[in-house]
Amino acid sequence: MDKMNNGFIESFLANRRLESAFEDSCRLKRGTIVGEWRVEAYIGSGLSAEVYRVVNVRMRCEGALKLLVDETNGLKRRFIDEADAMRYLALPSLPRFLGSGEHEGVPFYVMEYLHPVEERMSNESFSRLMIKIADAVQSLHDAGYIHRDLKPGNIMRRINGDVVLIDLGLIKKKGTSVSDPVVRHGKSVSIIDGRPVGVGTLDYAAPEQLLKGEASVASDVFSLGKILQHFYGGNVPRKLRYVVRRATRDAPRDRFPSAKAFASAIMRRHCPAIFTSLSLACLIAALCTCPIWKPL
């Protein structure tokens, strides 16, 4: 009961802060009915869409409604791809898809209502958070996809603490070409020859992703290293500096081979007690299954 009450209070306070955020430029106003959803609060806007907190008029459940506001340069196709990624992949590390449609001719979709990640925490808490983030990325990779836009703003959490990856408009199947003339923050051309290549966010995308349009597991690992660096405000503890250096090396082959390996490196260096306990537990389990040795 306490856990439920805490979650309700946290959600209520967050929503109260959001309810004062409506602006004159918002496409939707409080009380607008969009399909089965009533708009309650304006959350914010991104490259091509606005996001609102909504409540289902029949089920009374909360959601986050994303409304496309810019259809130029293929952004509508990307918006639809993002909704489809949630709808069809249905991974625990991705937002739960709640519905989609059009409002006055404008596409929208609704996902579960999520909360921002707290960035004021101890070093150990940052490390535990990064392990959860890496695990979420690994689940996406295991499903055969690359995120291509991992950054702090695209990492959210559920009330229970589970990490969720959002903004799936750039998601691609592993092994496919990713050239795309639309790049965040206006970086739409190569600094080498001026051609439009690559996508991502400048401070977090791997060099081969921005310069050559190449995305892989290694480019997502690079982004994980940059996120780890961000959480520590650039002042990364000595024991984790190797993790950042290896994750963000220029050559993809020199980085960690997977998000799981990245997480394991953090665990070994910053959570030795946890790693030792897990190793001991694995050893005991192995001994118990050995035919020539049985515990008394």
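Residues numbered from 1 in each chain as written. Predicted model: local features only at pLDDT ≥ 70, side-chain atom pairs only at ≥ 80, totals over all residues. Heavy atoms only, no water.

Q: Would you explain the sheet that holds strand 10 (residues 163-165) in this entry?
A: The pairing of strands in a sheet comes from backbone hydrogen bonds and takes either a parallel or an antiparallel form. One open sheet holds the three strands; their spatial order is 7-9-10, and the pairing between them is antiparallel. Each having just a single partner strand, strand 7 (115-116) and strand 10 make up the two edges of the open sheet. Two strands pair when backbone bridges link them, and strand 7 and strand 9 (residues 155-157) are joined in this way by two bridges, in the antiparallel orientation. Residue pairing across strands places histidine 115 opposite arginine 157, the latter belonging to strand 9. (Pairing = 2+ DSSP bridges. Helix = DSSP H or I, 4+ residues; strand = E, 2+ residues; numbered from the N terminus.)

Q: Would you mind going over the side chain of histidine 147 with me for this structure?
A: Examined against the element boundaries, histidine 147 turns out to sit in the loop between strand 8 (145-146) and strand 9. Judged by relative accessible area, histidine 147 falls into the buried class, the value being 0%. Residues within four places of histidine 147 in sequence aside, it is in contact with Leu140, Asn154, Leu165, Ile166, Asp167, Leu168, Leu170, Ile171 and Asp220. (Buried < 20%, exposed > 50% of the residue type's maximum accessible area, 1.4 Å probe, protein only. Contact = heavy atoms within 4.5 Å.)

Q: Looking at this structure, how should I read the nonpolar core?
A: A general trend in soluble globular proteins is that nonpolar side chains are found buried together. Grouped together as the largest cluster of nonpolar side chains are 66 residues, with contacts concentrated most on Leu65, Met130, Ile133, Leu228 and Phe262. Looking at this core element by element, the count peaks at nine residues for helix 3 (residues 123-142). The residues contacting leucine 228, other than those within four sequence positions of it, are Met130, Leu240, Val243, Val244, Phe262 and Ile266. (Core = buried A, V, L, I, M, F, W, Y, C linked by side-chain atoms within 4.5 Å.)

Q: Hey, could you run me through helix 3 in this one?
A: Since the α-helix advances by 3.6 residues per turn, residues separated by three or four positions end up pointing in the same direction. Between its terminal C-alpha atoms helix 3 stretches 28 Å, which fits the 28 Å expected from 20 residues at 1.5 Å a residue. Residues of helix 3 that are buried include every one of Phe126, Ser127, Leu129, Met130, Ile131, Ile133, Ala134, Ala136, Val137, Gln138, Leu140 and His141, and no others. Of the residues flanking the end of helix 3, it is glycine 144, one or two places downstream, whose phi is positive at about 100°. (Expected span 1.5 Å × (residues − 1).)

Q: Is there a simple way to think about the side chain of glutamate 112 in this case?
A: Position of glutamate 112 relative to the elements: it lies in the loop between strand 6 (106-111) and strand 7. A polar contact is formed between the side chain of glutamate 112 and the backbone nitrogen of arginine 96, at a distance of 2.9 Å. (Polar contact = N/O pair within 3.5 Å; in protein donor to acceptor, adjacent residues only side chain to side chain.)

Q: Would you mind showing me how to read unusual backbone geometry here?
A: Where the residue is not glycine, phi is negative for most of them; where a peptide bond is considered, it is trans in most cases. Phi angles above zero are rare outside glycine, and arginine 60 is one such case at about 65°. With respect to the helices, strands and loops of the structure, arginine 60 is situated in the loop between strand 3 (49-56) and strand 4 (62-68). Its relative accessible area of 52% is what places arginine 60 among the exposed residues. Positive phi values are uncommon outside glycine, yet glutamate 104 reaches one of about 55°. Mapping glutamate 104 onto the fold places it in the loop between strand 5 (97-103) and strand 6. Residue classification places glutamate 104 among the exposed positions, given a relative accessible area of 74%.

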